[in-house]
Amino acid sequence: MIPTDEEAMWAVGSGDLDQAGLLFDRYHVGLYHFFHRMIQDRELSKDLTQNVFVRLLRYRGSYQPGQPFRAWIYRVARNVANDHFEKQKSSFVGLKPIHERVAAPDGAEQAEQVVTLQLALQQLPQSDRDLLVMSRYQELKYEEIAQIMGLSLSAVKVRVHRAIKKLKELYFKHEN
Amino acid sequence: MKLSEEEWQSLMIDLIDGKLTGEMKEMVERQMAESTIHQREYEALKQLLAAFAQPESVVPTDELRANFSQLLAGEKQKIADNGPSKHLSAETGGKKVSAQIKDQRWAHKRSVWLPIAASVALLIGAFWLGQLTLRGRLQATEREVDRLRAEVQASNQMVMLNLLKQNSASDRIKAVGYANEMEEVDEKITRALLNTLNFDPNINVRLAAAEALARFGDQPQLRLAVVASFAKQTEPMIQITLIALLIDWQEKRALGPMQQLMEDEAAPKIVRAKAAEGVGALYPL
């Protein structure tokens, strides 16, 4: 029988590290996209994704049985991103300028939309960007985001909707 | 129906996400059809949210997997080095006979006591584990119940506030009824009830709101707002209901307006009598 995420992570916590491979297969692309959508840097997204799995193995004992794994791993990912931004602040090593980071995909109109959206997203405060990446791109449920961010369900909904409002203004400003 | 800009946007997002159903969906669609501003807003939101749906074009390279495999192998090695698989080498050949006998006696004792000790340990362990699991489960269930309660509460509030804005009086009465059923009520709801009491065009809705406010007698600010509302009421039924309410609360700040009403010759007799009753009940002896 194929183990669920929770069963696999519980097994990892109990010493069956091979199950971590299964979790890597299931999550590494999603996590990579999560970081890439947040920072628009392939190399850095790869490093941060890797850090998530380093932490998964290192802190495997802290995983409680029954804890929803998706929310758990995304909380780890969010911490990895926050630590990275903190380090960046203290070392003054910035990201590349935004127009260099946002790569235009193929297909004229869609490409334009994606780039406009990315430009607008990058101008949002980080907490708003996190929320939108989680809810709109990663399609995490409000419930899961509430667990990740330690907020109530209604607070998450209000914040996501407000972030969309801010984003809408930025998006159409760029588009025009 | 008057909704704030934020509430409108929130409902539109829910509509785009397919989260609205039934009456609520119809209501939003109907209202939207009547306003070109809302239609434009809706189209803009739709376009924005559709841009999120574009698939991510980048994919992680194989390097990520290779690094992970290496990481995993390193971690496994660490377990192998420190873990229980570390065996002691067997060196029996050089042992003295007495030591061997000692070992055998110890082994005998061990063979008798070990299973007993193990059983006791197992029993204690099982009991402890059972307690732990039970407690953990109970806590998890409690958390879940709390979360669900908060969720139900939030959605009840939203339904209530939206129903209050409906055109039909029976819907608005229903909304007031919801407020009566809510266990926890925040300021938004009490403010909505006060507004209804003051401004709803239908007397039955206003009456229902007055009755619904009765349970908030422990909130001094709200009581003061009810006193202010009472002073402005002209409808006898509402006045009588509020007099009863204010007597029940023993709200002394209502004495002035009650006295005025008692002395108002234009007011119906019954209302003046009730106001006199109120003055009598509230007057400090």
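Residues numbered from 1 in each chain as written. Chains lettered and ligands numbered in written order. Predicted model: local features only at pLDDT ≥ 70, side-chain atom pairs only at ≥ 80, totals over all residues. Heavy atoms only, no water.

Undergrad: I'm lost on the overall build of chain A in this one. Help?
TA: Summing up its helical and strand segments, chain A has nine helices and zero strands in all. When each of the 176 residues of chain A is scored for burial, the buried share is 50%. The long-range share in chain A, meaning contacts at least 24 apart out of those at least 6 apart in sequence, stands at 61%. Of the roughly 8,500 Å² of accessible surface on chain A, 50% is carried by carbon and sulfur atoms. (Helix = DSSP H or I, 4+ residues; strand = E, 2+ residues; numbered from the N terminus. Buried < 20%, exposed > 50% of the residue type's maximum accessible area, 1.4 Å probe, protein only. Contact = heavy atoms within 4.5 Å. Areas by Shrake-Rupley, 256 points an atom, 1.4 Å probe, with all protein chains shown as cover.)

Undergrad: Looking at this model, I keep getting lost on the overall build of chain B. Mind explaining?
TA: The helix and strand tally for chain B stands at 12 helices and zero strands. Ordered by position from N to C terminus, the α and β elements of chain B give α-α-α-α-α-α-α-α-α-α-α-α. In chain B, of all internal contacts separated by at least 6 residues, the share reaching a separation of at least 24 is 60%. With the model as given, the accessible surface of chain B reaches about 18,500 Å², and the carbon-plus-sulfur share is 57%.

Undergrad: Even after reading the chapter, I still don't get the side chain of R78(A), so can you show me in this structure?
TA: Residues and elements named next belong to chain A. Summarising the element assignment, R78 is placed in helix α4 (residues 69-91). Since its relative accessible area comes to 15%, R78 is described here as buried. Beyond its immediate stretch of four places on either side in the chain, R78 contacts F34, D130, M134, I148 and M149.

Undergrad: Just to check I follow, could you spell out the interface of chain B and chain A for this structure?
TA: By convention, interface size is frequently given as the accessible area that disappears when the constituent parts associate. Of the residues lining the interface, 37 residues belong to chain B; the matching set on chain A comes to 45 residues. Surface buried jointly by chain B and chain A totals about 3,900 Å² across both partners, of which 63% is contributed by carbon and sulfur atoms. Of the charged contacts, one joins R162(A) and E6(B) as a salt bridge, the two residues approaching to 3.0 Å between their closest N and O atoms. Put simply, chain B and chain A have 12 residue pairs in polar contact (both at pLDDT 80 or more) between them. Sorting the residues of the side of chain B that touches chain A by element identifies α1 (5-16), α3 (36-52), α4 (62-82) and α5 (97-163) of chain B as the ones contributing at least two each. In terms of residue count, α4(B) provides more of the side of chain B that touches chain A than any other element does, 10 residues in total. Considered class by class, the residues forming the side of chain B that touches chain A number 17 nonpolar, seven polar and 13 charged. (Buried area = accessible area lost by both parts, 1.4 Å probe. Salt bridge = Lys/Arg side-chain N within 4 Å of Asp/Glu carboxyl O. Polar contact = N/O pair within 3.5 Å; in protein donor to acceptor, adjacent residues only side chain to side chain. Nonpolar A, V, L, I, M, F, W, Y, C, P; charged D, E, K, R; others polar.)

Undergrad: Please clarify how a nonpolar patch on the surface should be interpreted in this entry.
TA: Together, V120(B), L123(B) and I124(B) make up an exposed nonpolar region whose accessible area comes to about 310 Å². Position of I124(B) relative to the elements: it lies in helix α5. (Patch = residues over 30% accessible without salt bridge, like charges linked within 9 Å, V, L, I, M, F, W, Y side chains within 5 Å.)

Undergrad: Looking at this structure, how should I read the nonpolar core?
TA: Nonpolar side chains in soluble globular proteins generally cluster together in the buried interior. One finds F35(A), L56(A), F69(A), I73(A), L117(A), L132(A) and L167(A) to be the most contacted residues of the largest nonpolar core, which totals 73 residues. Tallying contributions element by element places α4(A) first for this core, with 10 residues. L167(A) has contacts with L117(A), A120(A), L121(A), L124(A), L132(A), L48(B) and F52(B), leaving out every residue within four places of it along the chain. In this structure, L161(B), A212(B), F230(B) and A267(B) belong to the second largest nonpolar core, which totals 39 residues. (Core = buried A, V, L, I, M, F, W, Y, C linked by side-chain atoms within 4.5 Å.)

Undergrad: I tried to follow the confidence of the model for chain B on my own but got confused; where do I start?
TA: Any residue range with low pLDDT should be treated as having predicted coordinates unsuitable for detailed reading. Residue-level pLDDT values for chain B average 81, and 87% of them are 70 or greater. Among the scores for the predicted complex, ipTM is 0.77 and pTM is 0.50. (pLDDT = per-residue confidence, 0-100.)

Undergrad: Looking at this structure, I do not really get the confidence of the model for chain A. What am I missing?
TA: Residue and element names in this part refer to chain A. In the predicted model, chain A carries a mean pLDDT of 85, and the fraction of residues at 70 or more is 86%. Mean pLDDT values over the elements of chain A span from 47, in helix α5 (residues 98-101), up to 94, in helix α3 (residues 42-58). Low confidence marks residues 97-101, where pLDDT is under 50. Its contacts with residues over four positions away, or in another chain, come to seven contacts.

Undergrad: How should I be thinking about unusual backbone geometry in this particular structure?
TA: The bulk of non-glycine residues show a negative phi, and the bulk of peptide bonds are trans. Positioned with a positive phi, Q40(A) is a non-glycine residue whose angle comes to about 55°. Position of Q40(A) relative to the elements: it lies in the loop between α2 (19-39) and α3. Taking the relative accessible area as the measure of exposure, Q40(A) reaches 7% and is therefore buried. Positive phi, normally seen in glycine, also occurs at Q250(B), with a value near 55°. Among the secondary structure elements, Q250(B) is positioned in the loop between α10 (236-249) and α11 (255-263).

Undergrad: Even after reading the chapter, I still don't get the environment of L242(B), so can you show me in this structure?
TA: Residue and element names in this part refer to chain B. Within the element layout of this structure, L242 appears in helix α10. With 33 residues separating them in the primary sequence, L242 and A275 have C-alpha atoms 9.9 Å apart. Other than its neighbours up to four places away in sequence, L242 contacts L197, A210, V226, S229, F230 and Q233.

Undergrad: For this particular structure, what's the right way to read helix α8 (residues 203-212) of chain B?
TA: Side chains three or four residues apart in an α-helix point the same way, a direct result of the helix having 3.6 residues per turn. Residue and element names in this part refer to chain B. When you tally the buried positions in α8, you get seven out of 10 residues, the bulk of the element. The elements touched by buried residues of α8 are α6 (169-181), α7 (187-199) and α10. For α8, the side-chain oxygen to backbone nitrogen distance between the N-cap and N204 is 2.7 Å, and the N-cap itself is N202.

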